[in-house]
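# Breakdown of the fold
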Amino acid sequence: MKLLSVNVSLPKEVPHQGATITTGIFKEPVVGRVRARTLNLDGDGQADRKVHGGRDMAVYAYPVEHYPYWQAALQRAPFPFGQFGENLTLQGLTEEQVRVGDRFRVGGALLQVTQPRIPCYKLALRMAAGPDFLRRFLESGRLGFYLRVIEEGEIGAGDTIERVDSDPRSVTIAEFIHVYRSGRRDPYGLRRVLASRDLGDAWRLHLEKQLDAAQSAPEPRGWDGERSFVVDRRVAETQTVTSFYLTPEDGEALPAFKPGQFLTLSLDIPGQPRPVTRTYTISDAPNPEHYRLSVKRELPPAQRPEAPPGLSSSWFHDQVRPGTKLRVRSPRGELCLDPGQETPVVLISAGIGLTPMISMLNAIVAAGSKRQVWFIHGARNAREQVMGEHLRRLAAAHDSVHLHVRYSRPEPGDAVGPSHAGVGHVSVDVLKALLPPAAYDFYLCGPTPFMRSLYNGLLDWGVAEDRIHYEFFGPASVLKAGAEQAPTRVTDDDRSPAFEVVFERSAVTAAWDPGVESLLELAEARGLRPDFSCRSGICHTCLCTRIAGEVTYRIEPVERPDPGSVLICCSVPASDLILAI
């Protein structure tokens, strides 16, 4: 990291659009050393102290790495240092590499990062660029940043830059810019910026007002029907898991969702007679610009190598590229976490089941919450662990985040310590050894045996049932010990009259059992195996013809079928019923 140039200018009058304005933006490099003072550099001045200067904006820095970008974008010859009105032209410190509150020793001065630079019309004047330049400059994220002078001293071109202090809980300048552009649409990001160290007073006041407005606004509503999204980029997380970043084709801001919710997609997969419906959990905190889905390539089971691989996951991995368009329904799902709550939370997952847990953890961190979070995850080994480095960074940066990862099949080189804390499966005995006494909320997601073991283990440990939340596409009774024989608990309000249900193609007649949750469960209890996928009215895989009778929906489906059809996964009879099953 190096200081390439020190640039100053006293305010001067220049013509602009038929008038005369005063500006100090026309900086020029200084030969020799300059003293950095509390309010500016010697020989430098700001014309408008309302938007420039002052203790929190004493010195403006701009990375030289951005110079080639603008030279190409504007088709200009190489710019001289100071072209963007910066006092310091830096090398090796971009917006992604500095955090609010970072302190740097430069020559004899100690400087502290305070905030990004928000451009005014005078920058467009300096650049001799068109009226859309300020928009392009802001959208580029290449804004540079302001510095506070903590200790006065002399600085000069060629000085090395030494970072002497940094708080990983503070946002980077790039993250700050993103939140600024999102404004009141991103309350989680606003809280995180406000939690940054030594944030300037003016920005704190502005962001607090934005947060108040965001919190008082009605909860954003999702869209109706399907909306077109474009894959912006894909990132390989492991050999079998890839993350896809989806942005809305119409460019409008995305509504916030509840961490843990999922998206329903209609996939046009070649060779399939109709669109394939699939659901994928959003694997990141709410972001007004994109959704992230992390998809695991489903391979044939080891005991059945001749079986075909997963249809949709293979299509995602093999065919979906940046620019691919997808039809997406609004976020849904009941496994949700409120990042604003303070109850200690335990997020437990195995394999790709970590996706809703990552969303919850990222949302808590983005909110600047001090909530105690235990992130407990089971993976086979380091090669298959998803987002391990991200989790370790969060745990190192936040005292309130406690990470425990166990490998069930570690490979040579997977030493206990750097990547994982133990060998074996995640179990309630592991939780008992890890968790200090407290009243926790538990969230679970993973394969059925994993879920069943933890669910019953937590109940046996004395955890109240309403403290255990899970993502499992099936009835809760399936997780409970002895579930195959035990009826699901049903309240009086849920009970239905003794209707008769005929599964006509199977020649099976059954009395409606109010102890089951849906017609699908009733069919399964009679030994039938109708097709299904989601059990929550999303995918329409269970759609069948209604020959006679009426139904009601206990769970409102994403889209009600035609009157002659029934989604048996989320419906119950409202009369005697005949189904083409």
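Residues numbered from 1 in each chain as written. Predicted model: local features only at pLDDT ≥ 70, side-chain atom pairs only at ≥ 80, totals over all residues. Heavy atoms only, no water.

### Regarding the overall build of the chain
Test applied: In this text, helices come from DSSP runs of H or I with a minimum length of four residues, and strands from runs of E with a minimum of two, each type numbered from the N-terminal end. Burial classes: relative accessible area under 20% of the type maximum marks a residue as buried, over 50% as exposed, and values in between as partly exposed (1.4 Å probe, protein chains only). In what follows, a contact means two residues having at least one pair of non-hydrogen atoms within 4.5 Å. Only four residue types enter the tally: Lys and Arg on the positive side, Asp and Glu on the negative side; His and the chain ends are excluded. A charge is said to be at NZ when it belongs to Lys, at CZ for Arg, at CG for Asp and at CD for Glu.
Looking only at helices and strands, one finds twelve helices and 31 strands in the chain. By principal-axis analysis of the C-alpha atoms, the chain measures approximately 95 × 55 × 45 Å. Looking at the chain as a whole, 51% of its 581 residues are labelled buried. Summarising the internal contacts of the chain: among those between residues at least 6 apart in sequence, 69% fall at separations of at least 24. In the chain, which carries 67 positive and 70 negative side-chain charges, the distance between the mean positions of the two groups comes to 4 Å.

### Details of the side chain of Gln71
For clarity, the cut-off: Polar contact is defined as a pair of N or O atoms within 3.5 Å, subject to the rule that within protein one atom must be able to donate a hydrogen and the other to accept it, and that residues adjacent in sequence are counted only when both atoms are side-chain atoms.
In this fold, Gln71 is placed in helix H1 (residues 67–73). At 3.0 Å, the side chain of Gln71 forms a polar contact with the backbone nitrogen of Phe79. Sequence-distant contacts of Gln71, defined by excluding residues within four places in its chain, comprise Arg76, Ala77, Pro78 and Phe79.

### A short note on empty space enclosed by the protein
Defined as follows: Using only the protein atoms, space was sampled on a 1 Å grid; points where a 1.4 Å probe fits but cannot get out form cavities, open sets with protein on both sides within 12 Å along at least five of seven lines form pockets, and lining residues are those with an atom within 4 Å of a point. Grid points are joined across faces, edges and corners, and a volume is the space filled by probe spheres set on the points. The nonpolar class holds Ala, Val, Leu, Ile, Met, Phe, Trp, Tyr, Cys and Pro. Asp, Glu, Lys and Arg form the charged class, and all remaining residues, Gly among them, are polar.
Enumeration according to the criterion identifies three cavities of 30 Å³ or more in this entry. Roughly 60 Å³ of internal volume is contained in the second largest cavity. For the second largest cavity, the full set of lining residues is Leu88, Leu90, Leu93, Phe104, Val106, Leu111, Val113, Phe145, Leu147 and Ile161. Where the lining of the second largest cavity is concerned, the elements lending two or more residues are strand E7 (88–91), strand E8 (103–106), strand E9 (109–116) and strand E10 (145–151). Broken down by class, the residue content of the lining of the second largest cavity amounts to ten nonpolar, no polar and no charged.

### Notes on the state of the cysteines
Basically, it comes down to this: Cysteine sulfur pairs qualify as disulfides if the two atoms are within 2.5 Å.
Per the stated rule, a full pass over the model turns up zero disulfides. Its sulfur unpaired, Cys336 is 13 Å from the next cysteine sulfur, which belongs to Cys445.

### Describing unusual backbone geometry
For Gln75, which is not glycine, the phi dihedral falls at a positive 55 degrees. Along the chain, the position of Gln75 falls in the loop between H1 and E7. Look at Ala507: it is not a glycine, yet its phi comes out positive at around 55 degrees. With respect to the secondary-structure elements, Ala507 resides in the loop between strand E25 (500–503) and strand E26 (508–511). The class of Ala507 is exposed, set by a relative accessible area of 69%.

### Description of the pattern of salt bridges
Quick reminder of the rule: Salt-bridge detection follows one rule: a side-chain nitrogen of Lys or Arg within 4 Å of a carboxyl oxygen of Asp or Glu.
Applying the stated criterion across every chain yields a total of 23 salt bridges. For Arg197, the salt bridge identified is with Asp165, shortest N-O distance 2.6 Å. On the criterion of sequence distance, the pair formed by Arg197 in the loop between helix H5 (187–194) and helix H6 (201–216) and Asp165 in strand E12 (residues 161–165) is long-range, its members being 32 residues apart. The residue Arg380 makes a salt bridge to Glu384 at a minimum N-O spacing of 4.0 Å. Taking relative accessible area as the criterion, Arg380 reaches 41% and is therefore assigned partly exposed. Looking at Glu384, the relative accessible area reads 28%, which means it is partly exposed. Here the residues in one salt-bridge network are Arg37, Asp42 and Glu152, joined through shared partners.

### Remarks on the nonpolar core
The cut-off we apply is this: Nonpolar cores are built from buried Ala, Val, Leu, Ile, Met, Phe, Trp, Tyr and Cys residues. Side-chain atoms within 4.5 Å join them into one set.
Grouped together as the largest cluster of nonpolar side chains are 53 residues, with contacts concentrated most on Leu41, Leu88, Phe137 and Ile155. Beyond its immediate chain neighbours, meaning those up to four positions away, Leu88 contacts Leu3, Ser5, Val6, Asn7, Leu41, Val59, Tyr60, Ala61, Tyr62, Leu111, Leu147 and Ile155. Judged by nonpolar contacts, the second largest core, of 24 residues, contains Ala523, Leu528, Ile568 and Val572.

### Considering the sheet that holds strand E29 (residues 565–567)
As a reminder, the rule being used: A strand pair is defined by DSSP finding two or more bridges across the two strands. What counts as an axis is a line fitted to C-alpha atoms, over the stretch in contact for a helix, and the angles between N-to-C directions run from 0 to 180 degrees.
With mixed pairing, the five strands of this open sheet are ordered in space as E26-E25-E31-E27-E29. Edge strands, defined here as strands with exactly one partner in the open sheet, are E26 and E29. Geometrically, the sheet is characterised by an average inter-axis angle of 35 degrees between neighbouring strands, direction not taken into account. As paired elements, E25 and E26 share four bridges and run antiparallel to each other. Bridging across to E26, Phe503 finds its partner in Val508.

### Describing the packing of H5 against helix H8 (residues 354–366)
Operational definition: Angles below 35 degrees are treated as roughly parallel, those above 145 as roughly antiparallel, those between 65 and 115 as roughly perpendicular, and all remaining angles as oblique.
Interaxial distance between H5 and H8 falls to 7 Å at its minimum, and their mutual angle equals 50 degrees. The angle between the axes of H5 and H8 places the two elements in the oblique class. Judged by residue contacts, Tyr188, Gly189, Arg191 and Arg192 of H5 engage Ala363, Val365 and Ala366 from H8. Among the residues making up the contact of H5 with H8, the classes are represented as four nonpolar, one polar and two charged.

### A short note on the packing of aromatic side chains
Test applied: To pair, rings of Phe, Tyr and Trp, with the six-membered ring standing in for Trp, must have centres within 6.5 Å; the planes then decide the type, stacked if under 30 degrees apart, edge-to-face if over 60, and tilted in the middle.
In the structure shown here, the tally under the stated rule is 25 aromatic pairs. Both rings, one in Phe84 and one in Phe137, keep their centres 6.4 Å apart while their planes meet at 20 degrees; by these two values the pair is stacked. One end of the pair, Phe84, is in the loop between H1 and E7; the other, Phe137, is in helix H3 (residues 133–140), and 53 residues separate them in sequence. Residue Phe84 is classed as buried on the basis of its relative accessible area of 0%. Using a relative accessible area of 0% as the deciding quantity, one classes Phe137 as buried. Pairwise contacts between aromatic rings join Tyr60, Tyr62, Tyr67, Tyr69, Trp70, Phe79, Phe81, Phe84, Phe133, Phe137 and Tyr146 into one cluster.

### Details of the confidence of the model for the chain
Test applied: Residue-level confidence of the predictor is what pLDDT reports, using numbers from 0 through 100.
When pLDDT is averaged across the chain, the result is 85; 90% of the residues are at 70 or more. Residue range residues 473–477 is modelled with pLDDT below 50. Its contacts to residues more than four positions away, or to other chains, number 14 contacts.

### Overview of the environment of Thr279
With respect to the helices, strands and loops of the structure, Thr279 is situated in strand E16 (residues 276–281). The sequence separation of Thr279 and Phe442 amounts to 163 residues, and the corresponding C-alpha distance is 23 Å.

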